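Structure at a glance
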Amino acid sequence: MATKKTASKKKKSTKPIFKVNQHIVYPAHGVGLVTSIDQEVIAGFDIEVYVVHFEQDKMTLRVPTAKAATSGMRALSNELVLKDAFTTLKGRARIKRTMWSRRAQEYEAKINSGDLILVSEVVRDLHRTDAQPEQSYSERQLYERAIDRMVREVASIRKESHDSALESVLDTLAKARSRQAAKAEKDAAANAEKEENDGEAAA
């Protein structure tokens with residue numbers, strides 16, 4: 001005699017990708033810590049969730065383990081990506097000649113992408129030296145959000161303090177800007193000398 005199967009609302013559990021006490025990156029909030037993996041009943045379903053605490057925002061997020069990957073939640077970047085991020089910081093700022101509102105949206109999207117390289121591009125483009133014009137309020141806000149995101153991930157990857165990671169990022173930016181300024185000055189002097197020689201030759 002065949003037995004009747006009863007419908008079960010228990011979801012099939014999959015092996016969690018992340019572990020308790022592991023630092024992760026969540027696109028909208030940056031670096032967080034998985035404090036536990038719990039079972040919760042949501043709409044009658046038994047759901048397994050990552051409980052993630054974000055120290056910088058003083059908030060806790062519950063992410064279903066089955067949806068962690070599609071939500072953009074990821075492990076910390078590896079050393080190769082970290083190296084590429086610092087290489088990005090050393091490059092020249094790439095400022096598009098578009099309205100600020102448009103650029104601000106693009107910067108916002110990069111920050112919320114959770115991608116360390118894209119975040120480092122925002123830091124590079126919005127960083128200002130003492131010799132450059134001051135940032136607007138909205139520029140400053142985006143810059144501070146981007147550098148905070150980057151520094152927190154750098155600190156977590158290297159297992160160092162926030163201040164040490166910040167110093168490393170700012171030092172990289174300062175040295176890069178100094179080299180770029182020196183090159184620009186050298187090129188300007190070379191161009192001036194060439195123009196002078198060309199003028200003398202034409203005389």
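Residues numbered from 1 in each chain as written. Predicted model: local features only at pLDDT ≥ 70, side-chain atom pairs only at ≥ 80, totals over all residues. Heavy atoms only, no water.

1. What to know about the sheet that holds strand S5 (residues 74-75)
In sheet architecture, strand pairing relies on hydrogen bonds along the backbone and comes in two forms, parallel and antiparallel. The strand order across the open sheet built from five strands is S4-S3-S2-S1-S5, with neighbouring strands paired in antiparallel fashion. Unpaired on one side and paired on the other, strand S4 (59-64) and S5 mark the two borders of the sheet. Here helix H4 (residues 137-158) sits on the sheet and contacts strand S1 (23-26), strand S2 (30-42) and S5; the angle it forms with S2, its principal contact strand, is near 85°. (Pairing = 2+ DSSP bridges. Helix = DSSP H or I, 4+ residues; strand = E, 2+ residues; numbered from the N terminus. Contact = heavy atoms within 4.5 Å. Axes fitted to C-alpha atoms, helices over the stretch in contact; angles between N-to-C directions.)

2. Topic: the pairing of S4
For strand S3 (residues 45-54) and S4, the ladder comprises six bridges, and the chain directions are antiparallel. Directly across from His-53, in S4, lies its bridge partner Thr-60. Following S3, the chain reverses through four residues before pairing antiparallel with S4; Lys-58 in that reversal takes a positive phi of roughly 50°.

3. What about the confidence of the model for the protein?
When pLDDT drops low, the exact placement of atoms in the prediction is not to be read closely. The share of residues in the protein with pLDDT of 70 or more is 82%, and the mean pLDDT across the chain is 86. Taken together, the stretch residues 1-12 has pLDDT below 50 and engages in eight contacts with residues farther than four places along the chain or on a different chain. (pLDDT = per-residue confidence, 0-100.)

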